[in-house]
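Structure assessment
This is what each chain is made of:
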Amino acid sequence: MIDFIKIRYFFYFISLLLVLFGALSLYIFHPKLGIDLIGGEILEVKTNLEVKNLLKDLGIRGNVFQTKDSYIIKGENLKNLWSEIKKRDPQSERIRQDSLSSNLSYELRRKALLMIIFVLLAIGSYIAFAFRKLKTYFSLVIISFIVIVTLFHDIMGSVGFYVFLSKYFNFDLDLKFITAMLIITGFSVHDTIVVFDRLRENLLNMKSNKKDISKIKEIFNQSITQTLRRSIFVSSTAILAILPLTFLIPELQGFLIAIQIGIIIGTYSSICLASPLLFEYLK
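By the secondary structure assignment, S275 is in helix 9 (residues 253-280). If near-sequence neighbours (up to four positions away) are discounted, S275 is found in contact with V195, F196, F220, I224 and S270.

Encoded structure:
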(Lines give C-alpha, C1' and ligand atoms only; values in the text may rest on other atoms or scores of the structure.)
Protein backbone atom coordinates (compact mmCIF):
# COMPACT_ATOMS: atom_id res chain seq x y z
CA MET A 1 0.00 0.00 0.00
CA ILE A 2 1.36 3.43 -0.99
CA ASP A 3 1.92 5.74 1.97
CA PHE A 4 0.22 8.82 0.50
CA ILE A 5 0.45 10.72 3.77
CA LYS A 6 4.18 10.15 4.11
CA ILE A 7 4.93 11.58 0.65
CA ARG A 8 2.31 14.34 0.87
CA TYR A 9 4.90 17.13 0.72
CA PHE A 10 5.96 15.92 -2.70
CA PHE A 11 2.32 16.21 -3.82
CA TYR A 12 2.11 19.70 -2.30
CA PHE A 13 5.16 20.72 -4.34
CA ILE A 14 3.65 19.37 -7.58
CA SER A 15 0.36 21.13 -6.83
CA LEU A 16 2.12 24.41 -6.10
CA LEU A 17 3.89 24.15 -9.46
CA LEU A 18 0.55 23.52 -11.18
CA VAL A 19 -1.06 26.59 -9.61
CA LEU A 20 1.94 28.80 -10.40
CA PHE A 21 2.01 27.48 -13.96
CA GLY A 22 -1.67 28.30 -14.36
CA ALA A 23 -1.24 31.83 -13.02
CA LEU A 24 1.94 32.62 -14.98
CA SER A 25 0.66 31.09 -18.22
CA LEU A 26 -1.77 33.99 -18.60
CA TYR A 27 1.18 36.39 -18.71
CA ILE A 28 3.66 34.19 -20.58
CA PHE A 29 1.47 32.87 -23.40
CA HIS A 30 -1.01 35.77 -23.70
CA PRO A 31 -4.10 33.69 -24.59
CA LYS A 32 -6.60 34.98 -27.10
CA LEU A 33 -9.88 35.87 -25.45
CA GLY A 34 -13.05 34.88 -27.29
CA ILE A 35 -15.38 37.53 -28.65
CA ASP A 36 -17.90 36.65 -25.94
CA LEU A 37 -15.41 37.99 -23.36
CA ILE A 38 -13.94 41.00 -25.18
CA GLY A 39 -16.47 41.74 -27.91
CA GLY A 40 -15.98 41.34 -31.63
CA GLU A 41 -17.43 39.58 -34.64
CA ILE A 42 -17.92 36.06 -35.91
CA LEU A 43 -18.21 35.12 -39.57
CA GLU A 44 -18.92 31.67 -40.95
CA VAL A 45 -18.45 31.11 -44.69
CA LYS A 46 -18.21 28.39 -47.29
CA THR A 47 -15.36 29.19 -49.64
CA ASN A 48 -12.55 27.62 -51.66
CA LEU A 49 -10.08 30.25 -50.44
CA GLU A 50 -7.37 29.63 -47.88
CA VAL A 51 -8.91 31.84 -45.21
CA LYS A 52 -5.88 31.89 -42.90
CA ASN A 53 -3.65 33.18 -45.71
CA LEU A 54 -6.30 35.71 -46.68
CA LEU A 55 -6.36 37.13 -43.14
CA LYS A 56 -2.58 37.49 -43.22
CA ASP A 57 -2.72 39.26 -46.61
CA LEU A 58 -5.34 41.70 -45.33
CA GLY A 59 -3.60 42.25 -42.00
CA ILE A 60 -6.69 41.15 -40.05
CA ARG A 61 -6.20 39.56 -36.64
CA GLY A 62 -8.56 36.69 -36.00
CA ASN A 63 -8.91 33.02 -35.22
CA VAL A 64 -9.97 30.57 -37.92
CA PHE A 65 -11.65 27.23 -37.25
CA GLN A 66 -12.23 24.86 -40.12
CA THR A 67 -15.26 22.58 -39.97
CA LYS A 68 -16.22 19.92 -42.47
CA ASP A 69 -18.04 22.35 -44.77
CA SER A 70 -17.08 25.85 -43.70
CA TYR A 71 -14.69 28.26 -42.01
CA ILE A 72 -15.55 30.01 -38.73
CA ILE A 73 -13.65 33.28 -38.29
CA LYS A 74 -13.57 35.18 -35.01
CA GLY A 75 -12.02 38.62 -34.64
CA GLU A 76 -12.49 42.23 -33.62
CA ASN A 77 -12.87 43.85 -37.04
CA LEU A 78 -14.32 41.65 -39.76
CA LYS A 79 -16.64 44.20 -41.38
CA ASN A 80 -14.89 44.21 -44.76
CA LEU A 81 -13.78 40.58 -44.74
CA TRP A 82 -16.92 39.13 -46.30
CA SER A 83 -16.84 41.55 -49.24
CA GLU A 84 -13.18 40.66 -49.84
CA ILE A 85 -13.94 36.93 -49.75
CA LYS A 86 -16.85 37.43 -52.17
CA LYS A 87 -14.64 39.46 -54.50
CA ARG A 88 -11.94 36.78 -54.65
CA ASP A 89 -14.31 33.82 -54.74
CA PRO A 90 -17.76 34.69 -56.16
CA GLN A 91 -18.99 31.18 -55.32
CA SER A 92 -18.52 31.81 -51.61
CA GLU A 93 -21.54 31.55 -49.32
CA ARG A 94 -22.03 33.44 -46.08
CA ILE A 95 -23.70 31.25 -43.45
CA ARG A 96 -23.77 33.72 -40.58
CA GLN A 97 -22.24 36.96 -39.36
CA ASP A 98 -22.77 38.19 -35.80
CA SER A 99 -21.22 40.76 -33.51
CA LEU A 100 -21.03 41.29 -29.76
CA SER A 101 -20.56 44.68 -28.11
CA SER A 102 -17.79 45.30 -25.57
CA ASN A 103 -20.37 46.32 -22.93
CA LEU A 104 -22.18 43.01 -23.23
CA SER A 105 -18.93 41.05 -23.17
CA TYR A 106 -17.89 42.91 -19.98
CA GLU A 107 -21.17 41.90 -18.36
CA LEU A 108 -20.61 38.29 -19.43
CA ARG A 109 -17.09 38.33 -17.93
CA ARG A 110 -18.40 39.74 -14.64
CA LYS A 111 -21.20 37.21 -14.38
CA ALA A 112 -18.91 34.32 -15.31
CA LEU A 113 -16.50 35.26 -12.51
CA LEU A 114 -19.33 35.62 -10.00
CA MET A 115 -20.73 32.28 -11.10
CA ILE A 116 -17.41 30.51 -10.50
CA ILE A 117 -17.06 32.11 -7.03
CA PHE A 118 -20.64 31.17 -6.16
CA VAL A 119 -20.17 27.57 -7.31
CA LEU A 120 -16.98 27.17 -5.25
CA LEU A 121 -18.65 28.58 -2.11
CA ALA A 122 -21.80 26.50 -2.63
CA ILE A 123 -19.80 23.29 -3.07
CA GLY A 124 -17.68 24.07 -0.01
CA SER A 125 -20.79 24.68 2.11
CA TYR A 126 -22.44 21.48 0.90
CA ILE A 127 -19.34 19.41 1.70
CA ALA A 128 -19.18 20.86 5.23
CA PHE A 129 -22.83 19.87 5.77
CA ALA A 130 -22.48 16.42 4.18
CA PHE A 131 -19.48 15.50 6.35
CA ARG A 132 -20.64 17.10 9.61
CA LYS A 133 -20.19 13.75 11.40
CA LEU A 134 -16.42 14.28 11.09
CA LYS A 135 -16.56 17.42 13.25
CA THR A 136 -14.98 15.53 16.16
CA TYR A 137 -11.86 15.15 14.03
CA PHE A 138 -11.92 18.26 11.82
CA SER A 139 -13.44 21.70 11.83
CA LEU A 140 -16.27 21.88 9.28
CA VAL A 141 -14.84 25.20 8.09
CA ILE A 142 -11.53 23.44 7.39
CA ILE A 143 -13.23 20.68 5.41
CA SER A 144 -15.05 23.28 3.33
CA PHE A 145 -11.89 25.35 2.87
CA ILE A 146 -9.83 22.34 1.73
CA VAL A 147 -12.42 21.42 -0.90
CA ILE A 148 -12.46 25.00 -2.23
CA VAL A 149 -8.64 25.09 -2.32
CA THR A 150 -8.59 21.76 -4.17
CA LEU A 151 -11.10 22.99 -6.75
CA PHE A 152 -9.16 26.24 -7.20
CA HIS A 153 -6.04 24.11 -7.76
CA ASP A 154 -7.89 22.09 -10.43
CA ILE A 155 -9.07 25.23 -12.23
CA MET A 156 -5.64 26.91 -12.19
CA GLY A 157 -3.87 23.74 -13.34
CA SER A 158 -6.37 23.34 -16.18
CA VAL A 159 -5.96 26.99 -17.17
CA GLY A 160 -2.19 26.55 -17.41
CA PHE A 161 -2.25 23.56 -19.74
CA TYR A 162 -5.14 24.93 -21.81
CA VAL A 163 -3.43 28.29 -22.33
CA PHE A 164 -0.19 26.51 -23.25
CA LEU A 165 -2.02 24.39 -25.86
CA SER A 166 -3.94 27.43 -27.15
CA LYS A 167 -0.62 28.90 -28.25
CA TYR A 168 -0.18 26.07 -30.74
CA PHE A 169 -3.75 24.99 -31.54
CA ASN A 170 -5.43 28.38 -31.85
CA PHE A 171 -7.93 27.93 -29.00
CA ASP A 172 -9.91 30.83 -27.55
CA LEU A 173 -10.31 31.53 -23.86
CA ASP A 174 -14.07 32.01 -23.97
CA LEU A 175 -17.34 31.14 -22.26
CA LYS A 176 -17.08 27.54 -23.45
CA PHE A 177 -13.82 27.28 -21.51
CA ILE A 178 -15.49 28.71 -18.41
CA THR A 179 -18.29 26.16 -18.85
CA ALA A 180 -15.63 23.46 -19.03
CA MET A 181 -14.17 24.73 -15.73
CA LEU A 182 -17.57 24.41 -14.06
CA ILE A 183 -17.92 20.86 -15.39
CA ILE A 184 -14.45 20.10 -14.04
CA THR A 185 -15.38 21.35 -10.55
CA GLY A 186 -18.38 19.03 -10.54
CA PHE A 187 -16.32 16.04 -11.64
CA SER A 188 -13.48 16.79 -9.24
CA VAL A 189 -15.69 17.32 -6.19
CA HIS A 190 -17.51 14.08 -6.99
CA ASP A 191 -14.18 12.24 -6.80
CA THR A 192 -13.27 14.05 -3.57
CA ILE A 193 -16.62 13.13 -2.02
CA VAL A 194 -15.99 9.44 -2.75
CA VAL A 195 -12.61 9.55 -0.98
CA PHE A 196 -13.97 11.58 1.97
CA ASP A 197 -16.98 9.28 2.27
CA ARG A 198 -14.73 6.24 2.63
CA LEU A 199 -12.57 8.17 5.07
CA ARG A 200 -15.63 9.10 7.16
CA GLU A 201 -16.79 5.49 7.24
CA ASN A 202 -13.36 4.20 8.30
CA LEU A 203 -12.85 6.91 10.95
CA LEU A 204 -16.27 6.39 12.51
CA ASN A 205 -15.61 2.63 12.67
CA MET A 206 -12.18 3.15 14.22
CA LYS A 207 -11.91 1.40 17.55
CA SER A 208 -8.76 3.11 18.82
CA ASN A 209 -8.39 6.58 20.37
CA LYS A 210 -8.82 9.48 17.97
CA LYS A 211 -5.53 10.91 19.25
CA ASP A 212 -3.69 7.88 17.89
CA ILE A 213 -2.07 9.68 14.94
CA SER A 214 -0.35 6.58 13.57
CA LYS A 215 -3.69 4.74 13.40
CA ILE A 216 -5.43 7.70 11.77
CA LYS A 217 -2.59 7.98 9.27
CA GLU A 218 -3.11 4.32 8.41
CA ILE A 219 -6.84 4.94 7.93
CA PHE A 220 -6.15 7.86 5.60
CA ASN A 221 -3.87 5.70 3.45
CA GLN A 222 -6.34 2.85 3.53
CA SER A 223 -9.24 5.09 2.49
CA ILE A 224 -7.30 6.57 -0.44
CA THR A 225 -6.14 3.11 -1.57
CA GLN A 226 -9.68 1.71 -1.38
CA THR A 227 -10.99 4.39 -3.73
CA LEU A 228 -7.90 4.68 -5.96
CA ARG A 229 -8.87 2.11 -8.56
CA ARG A 230 -12.41 3.42 -8.81
CA SER A 231 -11.24 7.01 -9.30
CA ILE A 232 -8.77 6.05 -12.03
CA PHE A 233 -11.26 3.82 -13.85
CA VAL A 234 -14.07 6.39 -13.78
CA SER A 235 -11.78 9.17 -15.01
CA SER A 236 -10.30 6.97 -17.75
CA THR A 237 -13.78 6.00 -18.93
CA ALA A 238 -14.87 9.64 -19.08
CA ILE A 239 -11.77 10.63 -21.08
CA LEU A 240 -12.19 7.72 -23.50
CA ALA A 241 -15.82 8.76 -24.06
CA ILE A 242 -14.85 12.38 -24.81
CA LEU A 243 -11.67 11.73 -26.82
CA PRO A 244 -13.32 10.71 -30.15
CA LEU A 245 -15.51 13.84 -30.07
CA THR A 246 -12.35 15.96 -29.87
CA PHE A 247 -11.48 14.89 -33.40
CA LEU A 248 -15.04 14.71 -34.75
CA ILE A 249 -16.19 18.21 -33.69
CA PRO A 250 -13.40 20.73 -34.48
CA GLU A 251 -15.36 23.76 -33.24
CA LEU A 252 -15.62 22.15 -29.77
CA GLN A 253 -12.05 20.88 -29.70
CA GLY A 254 -10.78 23.41 -27.14
CA PHE A 255 -13.81 22.88 -24.89
CA LEU A 256 -13.42 19.09 -24.91
CA ILE A 257 -9.65 19.20 -24.39
CA ALA A 258 -10.16 21.52 -21.40
CA ILE A 259 -12.55 18.99 -19.85
CA GLN A 260 -10.10 16.13 -20.36
CA ILE A 261 -7.24 18.10 -18.81
CA GLY A 262 -9.47 19.01 -15.87
CA ILE A 263 -10.54 15.39 -15.32
CA ILE A 264 -6.90 14.28 -15.09
CA ILE A 265 -5.92 17.08 -12.70
CA GLY A 266 -9.12 16.66 -10.67
CA THR A 267 -8.47 12.94 -10.22
CA TYR A 268 -4.92 13.68 -9.09
CA SER A 269 -6.05 16.31 -6.57
CA SER A 270 -8.80 14.13 -5.11
CA ILE A 271 -6.30 11.36 -4.42
CA CYS A 272 -3.06 13.19 -3.69
CA LEU A 273 -4.07 16.62 -2.39
CA ALA A 274 -7.49 16.79 -0.69
CA SER A 275 -7.04 13.96 1.83
CA PRO A 276 -3.40 14.77 2.74
CA LEU A 277 -4.42 18.40 3.33
CA LEU A 278 -7.25 17.21 5.59
CA PHE A 279 -4.75 15.14 7.58
CA GLU A 280 -2.77 18.31 8.31
CA TYR A 281 -5.75 19.77 10.21
CA LEU A 282 -6.54 16.97 12.63
CA LYS A 283 -7.91 18.41 15.89
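Still more ground to cover, so stick around.
A grouping of L16, L20, L24 and I28 is seen on the molecular surface, where their side chains present a nonpolar patch of about 380 Å² in accessible area. Position of L20 relative to the elements: it lies in helix 1 (residues 8-28). You can call L20 partly exposed: its relative accessible area is 43%.

To continue, consider the nonpolar core. In this structure, F138, I143, M181, L203, I216, F220 and L278 are the most contacted members of the largest nonpolar core, which totals 61 residues. Of all the elements in the fold, those that place two or more residues in this core are helix 1, helix 5 (102-130), helix 6 (140-169), helix 7 (175-204), helix 8 (213-248) and helix 9. The leading source of residues in this core is helix 9, at 16 residues. Beyond its immediate stretch of four places on either side in the chain, L278 contacts F138, I143, I146, F196, L199 and F220. Counting 13 residues, the second largest nonpolar core, distinct from the first, contains L43, L54, L81 and I85.

Scanning all chains against the criterion turns up five salt bridges. R230 serves as the salt-bridge partner of D191, at 3.5 Å between the closest nitrogen and oxygen. Here D191 is found in helix 7, whereas its partner R230 is found in helix 8, with 39 residues between them in sequence. R230 gets classed as partly exposed once you look at its relative accessible area, which sits at 30%.

Criteria and cut-off values
Residues numbered from 1 in each chain as written. Predicted model: local features only at pLDDT ≥ 70, side-chain atom pairs only at ≥ 80, totals over all residues. Heavy atoms only, no water. Helix = DSSP H or I, 4+ residues; strand = E, 2+ residues; numbered from the N terminus. Contact = heavy atoms within 4.5 Å. Patch = residues over 30% accessible without salt bridge, like charges linked within 9 Å, V, L, I, M, F, W, Y side chains within 5 Å. Areas by Shrake-Rupley, 256 points an atom, 1.4 Å probe, with all protein chains shown as cover. Salt bridge = Lys/Arg side-chain N within 4 Å of Asp/Glu carboxyl O. Buried < 20%, exposed > 50% of the residue type's maximum accessible area, 1.4 Å probe, protein only. Core = buried A, V, L, I, M, F, W, Y, C linked by side-chain atoms within 4.5 Å.

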